[in-house]
Amino acid sequence: MEPWVIATGLIFLYILVTLVLGFVANRRLTIDLDDFFLYGRKAGFGVLYLTVVATYHSAFAFLGSSGFFYTHGIGFWDAGTWTILVGAFSYVIGTRIWALGKKFGYVTPADLLADFYESEAVRVVVALVSVLFTILYIQAQAQGLGYIISVASGERIPYAVGTFILLVVAAIYLAAGGLRAVYWTDVVQGVWMYVAIWVGALVLAFELFGGPFELWRRVAVERPDLLTLPGPKGFFTPGMWFGMMISLCGVLFMPQMMLRYYTAASDRTIRWLGATTPIYLMTLYIPTALIGLGGALVLPELAIPDQIFPELLFRYAPPWLTGIILAGAVAAAMSTLDSILHANMTVLTRDIYQRYVRPEASPAHYVRVGRFVVLGLLVIGYVLAIQTFEALVVLVSLSGSGALQLAPSVVNVCFPSKLLLTRVGVLAGIGAGFACLFWTLVIKPHPFGVHGAVWSLALNWMVAAAVSRFTKPPSADTVWRIHGEMERFVYGTRRSPSDAS
Amino acid sequence: MILGIVDRRDYPRFASHFVPRTTTGRRGLLLFLIFFALAEPPVLLLANRIEPFVLGMPFLYTYLLAIYVALIAVLLWIHHRDV
C-alpha cells in the first residue's frame with residue numbers, strides 16, 4: 001500500500017473516532033442551556049485539564065512552533081514563559097471568574113463584564129471583540145488542517161478540500177453534542193497530540209542524528225546562529241521576547257478559555273489546573289524545538305517553514321507512524337477549532353440573539369439557533385482560510401493581541417483595588433488599544449523593537465484609568481455585590497466599607 | 001462630582017487584591033517574580049550563549065528549561081500550601 005494511502009487512512013480513522021464520540025455525547029445531551037453551553041458546570045479535573053491544554057495548543061503548537069524554531073532558532077523557547085504565565089493567571093484569575101460565574105449565573109465573558117460595568121454597550125463590544133479575534137484563530141486552525149491533509153495525501157486532496165472536510169467534521173460533532181462533545185473529543189485529542197509530537201520528534205532525532213543530544217551538537221556546529229538570541233534574522237530582540245510572551249497571553253482572555261473556567265466543578269479544580277497545565281504546555285515545546293532545529297539542518301530551503309514536521313515525517317519516518325502523528329496534528333488543530341466554534345456559538349447566541357432578538361424563547365430554540373450559528377461560523381472560517389495565507393504564528397499572535405485588550409476590564413472586576421474602572425473608561429481603553437494595535441502591528445510594526453501587544457495594552461490601561469477618573473462608575477451596590485463576593489471568596493471575609501483600608 | 005472628579009466616598013473600598021495578605025502568599029509571589037525576571041531581559045542576555053553544554057544541551061536552552069521547571073515548582077508549592 002502506498003504511504004499516502006496509509007497516512008490519509010489513519011487520519012480519516014481518527015476523524016471517525018471523533019464523530020462517534022460526538023454522537024455518543026449527543027445521546028447524553030439534555031435540552032438545557034447550561035448543559036449545551038457549559039457542560040452543566042460540573043467538569044472535573046481530568047476532563048478539564050485535557051480540554052484546556054488541547055485548546056491552548058493547536059495547529060500553532062504542532063506546526064507553527066516547529067516552523068518558528070526552523071526560521072528564528074531557539075528564541076521561540078520564549079513560549080515556555082507564556083505557558084507558565086497562563087498557568088499562574090488561571091490560578092488567580094480563573095478561580096475568581098469561576099466564583100463569580102457560579103454566584104451570579106454568568107455564561108459568557110460579556111455577562112460578567114456587562115453586569116459589573118452596568119452597560120449593554122460593554123456587553124456588545126466584548127461579544128464582538130471576542131468573536132472578531134477568535135475568528136482569526138479559526139482561520140489559523142483551518143489553515144493548519146488544510147496543510148496537514150494536503151501533505152498527508154501527497155496533495156491528492158487539495159488544501160481547500162481538506163480544510164472543508166475537517167471544518168465540517170468539527171461542526172458536526174459540536175452541533176450534535178454541544179460542549180460535552182467538545183470536552184470528550186478534546187480528551188482524546190489532548191492525549192493523542194502529546195504522544196504523537198514526542199514520538200515523532202524522537203523518531204526523527206534518532207533516525208537523522210542518532211539522538212537528541214547529537215542533534216543539539218550538530219546544530220551548534222553547523223548553525224550556531226540558531227542557538228542564540230536574537231536568531232538568524234534578528235527577530236528575537238529583548239522587546240520582541242517580552243512582547244511575544246505578552247501577546248500570547250491574550251489567549252487567556254479569549255471566550256473559549258473564560259468559558260472553561262465557568263464549567264469547572266469547583267475552585268479547587270481550577271487551582272490544580274493552574275498549577276499543572278504548564279507541565280503539559282511547556283514540555284510540548286521541547287519536541288517542536290528538536291523538529292524545527294533539526295529540520296533546519298536537513299531541509300534548509302523549505303518554502304513554507306510551518307510544513308517542516310510533516311515534510312520530515314514523509315521523507316524519514318515509516319508511513320504508519322506518519323499517519324498516526326499527522327492524525328495527532330489534526331487533533332491539535334481540531335481541539336482548538338471546536339472550542340472556538342463552541343465559544344463563538346455561545347457568545348453570539350447568548351449575548352446577541354437571546355439578549356436582543358428573542359429573549360423569551362425555549363432552551364431548545366436557543367440550542368437550535370446555536371447550531372445554525374456554528375454553520376455560519378464554519379462558512380466564514382472556510383472563506384478566510386482559503387482567501388489568505390499568512391504564517392500561523394503571526395495569525396495567532398494578532399488574535400492573541402486583540403483578545404488581550406479585554407484584560408484591563410476583566411482584571412478590574414476580579415481584583416478589587418483603589419482603581420475602579422468605569423464603562424466609559426473601559427470602552428475608551430479598548431478603542432485606544434485597538435487603534436494602537438493597528439498602528440503597531442500594521443502601519444509601523446513593533447516600534448523600537450517592542451511588540452505591538454505591549455504598546456496597545458499599556459495604552460489601553462492608561463486610557464481606561466484616566467477616563468475612569470472623570471466618568472460615572474458602576475453603582476456602589478454593584479461594586480459592593482461583586483467585589484464583596486471576591487473579598488468573601490478569596491479571604492473569607494466581607495468587611496463593611498467603613499473598616500476596609 | 002467635585003472639580004470634575006467623581007466623588008466615590010460612598011463606595012466600598014477593599015484592600016488591594018494584588019498583594020497577597022498571607023506570608024506564604026507573599027513569599028510565593030516574590031519567588032515567582034524572581035524566577036520570572038531570570039527568564040527575561042536584561043538578565044536573560046547574560047545567559048545568551050551556546051557553551052558550555054549542560055546536560056547535553058546548549059547553555060541558553062538548559063538555563064531556560066531550569067527556570068521554567070522552577071516556576072512550575074513554585075506554582076505547585078503555592079497550590080500545596082493552599083494559598
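These notes cover the structure that comes with them.

Thresholds applied
Residues numbered from 1 in each chain as written. Chains lettered and ligands numbered in written order. Predicted model: local features only at pLDDT ≥ 70, side-chain atom pairs only at ≥ 80, totals over all residues. Heavy atoms only, no water. Helix = DSSP H or I, 4+ residues; strand = E, 2+ residues; numbered from the N terminus. Rg over C-alpha atoms; globule rule 2.2 N^0.38 Å. Contact = heavy atoms within 4.5 Å. Lys, Arg positive; Asp, Glu negative; His and termini not counted. Charge placed at Lys NZ, Arg CZ, Asp CG, Glu CD. Buried < 20%, exposed > 50% of the residue type's maximum accessible area, 1.4 Å probe, protein only. Axes fitted to C-alpha atoms, helices over the stretch in contact; angles between N-to-C directions. Left-handed = near helix turned anticlockwise from the far one by under 90°. Nonpolar A, V, L, I, M, F, W, Y, C, P; charged D, E, K, R; others polar.

Now for the overall build of chain A. Helix and strand content of chain A: 21 helices and zero strands. Against the globule reference of 23 Å for 501 residues, chain A gives a C-alpha radius of gyration of 22 Å, in line with a compact fold. The long-range share in chain A, meaning contacts at least 24 apart out of those at least 6 apart in sequence, stands at 85%. Distance from the positive charge centre (32 side chains) to the negative charge centre (27 side chains) of chain A: 8 Å.

Tallying secondary structure elements over chain B gives three helices and zero strands in all. Relative to the globule expectation of 12 Å for 83 residues, the C-alpha radius of gyration of chain B, 20 Å, shows a markedly less compact shape. Here the C-alpha coordinates of chain B stretch approximately 65 × 35 × 15 Å along the principal axes. Classification of the 83 residues of chain B by burial places 42% in the buried group. Put simply, of all contacts in chain B between residues at least 6 apart along the chain, 45% involve residues at least 24 apart. Here chain B holds 8 positive side-chain charges and 5 negative ones, and the gap between their average locations is 8 Å.

Attention shifts here to the packing of helix α8 (residues 159–209) of chain A against helix α9 (residues 212–222) of chain A. Residue and element names in this part refer to chain A. With their axes 8 Å apart at the nearest point, α8 and α9 run at an angle of 60° to one another. α9 is crossed by α8, and the crossing has left-handed handedness. Within the contact between the two elements, α8 uses Leu-202, Ala-205, Phe-206, Leu-208 and Phe-209 and α9 uses Pro-212, Glu-214, Leu-215 and Arg-218. Residues that form the contact of α8 with α9 fall into these classes: seven nonpolar, no polar and two charged.

Geometric descriptors of this kind do not, in isolation, establish any biological role.
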